[in-house]
Amino acid sequence: MAESILVTRPSIPSLDEYIDEIRDLWETRWLTNMGAKHQALESQLADYLGTENVVLFVNGHMALELALQAMNLNGEVITTPYTFASTTHAIVRNGLTPVFCDIDPMTFTIDPAKIERLITDRTCAILPVHVYGNICDVEEIARIARKYDLKVIYDAAHAFGETYNGKGIGCFGDASMFSFHSTKVYNTIEGGCVCHNNAALGEALQDLKNFGIHGYEEVYGVGANAKMNEFCAAMGLCNLRHIDEEIHQRGLRFERYYERFEGIEGLQLKQPQPGVKYNYSYFPLVIEESLYGSSRNEIQDVLALHDINARKYFYPITSAFDCFHRRFDVLKTPVALHVSKRVLTLPLYADLPMDRVDQICDLILSCRK
Ligand SMILES: *Cc1c(COP(=O)(O)O)cnc(C)c1O
């Protein structure tokens, strides 16, 4: 029986490499609270991501939630419902109101042509998502933000290491959040960061991740405990040494899927974007049943019979979540709704054997009618 396949599998360094990295923690006994590993990782990540400043967090969600808090926002935030729960929850948990904008049918990122009609006198920010590592229209978003004096915070959880016209993707907007969760391209077990180029924002972020404590005795903000510990930072230092090879290996598997599915009626593939260096984070496949002969759910079931776990990223759209009790009208984002009912994200990770990629392709192609 072949091994079961999950949608992703984290890359980790050799045990020896990790042990070497954490060995000095046994001498220093400095296990958390912005220790040497934490500081080293912040500076190495700033280099790798090509951004001025990196503030590390315990996970990507807290990074995003506290970035919104640090900006002292009030009112409405324009975002998309075609994302992971975290994006919308970060808005709502800050007492802000999400206003859902529809997505572009090719990139699944916020459709910039639909943003301006959603702006009211209560709008304070735009929170777009570089979903699957597809880059949002950063220029048009910047133009709109300038015109209406809005903050822009990117959810860049899927975009680690990407560049646009040679510039690190974390350089756009007022801040960008990256996730280092184990399921992402680059992991620190759990972790995340905010990239920014604003000293005051950076100081607020540093305080908020440590209960809002500034120095020893002043408490400026009602912060949280969202610090990355030294063991996670050590994992990050190790994984960063191998990130280019990780992305290369993912790319080989991505390209294989792409070759096998290209040009087949009823299958929509993620398209390369001009000027973007992609990180091969995901392989989303949008299946149009009327053209392909099988539905997304049928294909997911066929794969599951072979112990292959493809996932419906993203279904349901966040505006349809039970926790929001029909507060949002999902029909206002028809493209997001349409894609969410047809998308299947295929297994993709650096050591996924190529013959299993072919097996997945064979099974999906056998569903074609
Ligand atoms: C993973 C993810 C997050 C949250 O990151 P965590 O590190 O898991 O907290 C936020 N947004 C998107 C789009 C994600 O995929």
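See the structure printed just above.
Calculation rules
- Residues numbered from 1 in each chain as written.
- Predicted model: local features only at pLDDT ≥ 70, side-chain atom pairs only at ≥ 80, totals over all residues.
- Heavy atoms only, no water.
- Salt bridge = Lys/Arg side-chain N within 4 Å of Asp/Glu carboxyl O.
- Helix = DSSP H or I, 4+ residues; strand = E, 2+ residues; numbered from the N terminus.
- Buried < 20%, exposed > 50% of the residue type's maximum accessible area, 1.4 Å probe, protein only.
- Near = heavy atom within 4 Å.
- Polar contact = N/O pair within 3.5 Å; in protein donor to acceptor, adjacent residues only side chain to side chain.
- Areas by Shrake-Rupley, 256 points an atom, 1.4 Å probe, with all protein chains shown as cover.
- Nonpolar A, V, L, I, M, F, W, Y, C, P; charged D, E, K, R; others polar.

1. Things to note about the pattern of salt bridges
Part 1 of the reasoning: According to the stated counting rule, one finds 18 salt bridges in the structure shown.
Part 2 of the reasoning: Note that arginine 260 is salt-bridged to aspartate 362, the shortest N-O span being 2.6 Å. Taken together, the positions of arginine 260 in helix α9 (residues 243-261) and aspartate 362 in helix α13 (residues 354-365) put the pair 102 residues apart, joining distant regions of the chain.
Part 3 of the reasoning: Judged by relative accessible area, which is 26%, arginine 260 ranks as partly exposed.
Part 4 of the reasoning: Salt bridges linked by common partners bring Glu17, Glu21, Asp24, Lys37 and Arg241 together as one network.

2. Examining the site of the ligand
Part 1 of the reasoning: In the region of the ligand, 15 residues are neighbours, and His61, Asp155, His158, Ser179 and Lys184 sit closest.
Part 2 of the reasoning: Here glycine 60 contributes a backbone N or O atom positioned 2.8 Å from an oxygen atom of the ligand.
Part 3 of the reasoning: Histidine 61 is positioned such that a nitrogen or oxygen atom in its backbone is 2.8 Å from an oxygen atom of the ligand.
Part 4 of the reasoning: Starting from 380 Å² of accessible surface for the ligand in isolation, the protein chains cover 93%.
Part 5 of the reasoning: Where the shell around the ligand is concerned, the elements lending two or more residues are α4 (60-70), α5 (85-92) and β8 (175-179).
Part 6 of the reasoning: Of the residues in the shell around the ligand, the class split is three nonpolar, 10 polar and two charged.

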